[in-house]
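# An overview of the molecular structure
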Amino acid sequence: MKLSTEEEIQRIVDTLDLVPHPEGGFYRETYRSEELKGKRNLMTSIYFLLTSRHVSHLHRIKSDEIWYYHGGSPLVVHILDAFGHHEHIVGNDIEKGYFPQFLVPKNTIFGSTVLEDDSYSIVSCVVSPGFDFADFELFKRDELLEAYPMHKEIIEKLSVS
């Protein structure tokens, strides 16, 4: 018997031991290097699951982050900057212009959504220097609308009030 989307999502959450992420979706850290550069771990890695019912809210970190696609629906990474709103699709169908991995440069405002309705996306994210919640900045809608009023539609979709 085929599982429903919700059952499949729950199976992945349970199997990979994922927990809710503050930006949206579910995650679990799978690696934190023991090697340090100063006080920072050189690299960290997580599983990240996002569903079509949730978004990854617009946020920024102080390190480069590489996204690696594993399965489910392709994932749209939304970049917001002074030059505009840019969408990059992380997925396996390279003939459609999707890429199986994508780099989000440090200090970039970004969020993500699942491309297909009633679906999910499972990816891994590698951060270097390693992720630290002290470097995580989750944006409020008002502050983004003030800075980027021309991107109201995506800001309202991917931000918290």
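To start, this report covers the structure provided alongside it. Small disclaimer: the values here were computed from a predicted structure and weren't measured.

### Things to note about helix α1 (residues 5-16)
Across its 12 residues, α1 extends 16 Å between first and last C-alpha, which sits within 8% of the 16 Å expected from 1.5 Å per residue. Looking at α1, one finds that the buried residues are E8, I9, I12, V13 and L16. Along the long axis of α1, the arc covered by the buried residues comes to 135°, so they all point the same way. Relative to its buried face, α1 has exposed residues pointing more than 90 degrees away, namely D14 and T15.

### Points about the sheet that holds strand β12 (residues 120-128)
Strand pairing in a sheet is mediated by backbone hydrogen bonds. Such pairs are either parallel or antiparallel. Pairing is antiparallel across the open sheet formed by six strands, whose spatial order is β1-β2-β5-β12-β7-β10. Only two strands of the sheet have a single neighbouring strand rather than two, namely β1 (19-20) and β10 (101-104).

### A look at the side chain of S45
Mapped onto the secondary structure, S45 falls in strand β5 (residues 44-51). Among the residues examined, S45 registers a relative accessible area of 11% and is labelled buried. In contact with S45, other than residues within four places in its own chain, are R28, E29, T30, Y31, C125 and V126.

### A short note on unusual backbone geometry
Following S128, the chain continues to P129 via a peptide bond in cis, the omega torsion being -10°. Relative to the helices and strands, P129 is located in the loop between β12 and β13 (137-138). A positive phi angle is found at D17, which is not glycine, with a value near 55°. With respect to the helices and strands, D17 occurs in the loop between α1 and β1.

Calculation criteria
- Residues numbered from 1 in each chain as written.
- Predicted model: local features only at pLDDT ≥ 70, side-chain atom pairs only at ≥ 80, totals over all residues.
- Heavy atoms only, no water.
- Helix = DSSP H or I, 4+ residues; strand = E, 2+ residues; numbered from the N terminus.
- Expected span 1.5 Å × (residues − 1).
- Buried < 20%, exposed > 50% of the residue type's maximum accessible area, 1.4 Å probe, protein only.
- Arc of directions from axis to C-beta.
- Pairing = 2+ DSSP bridges.
- Contact = heavy atoms within 4.5 Å.

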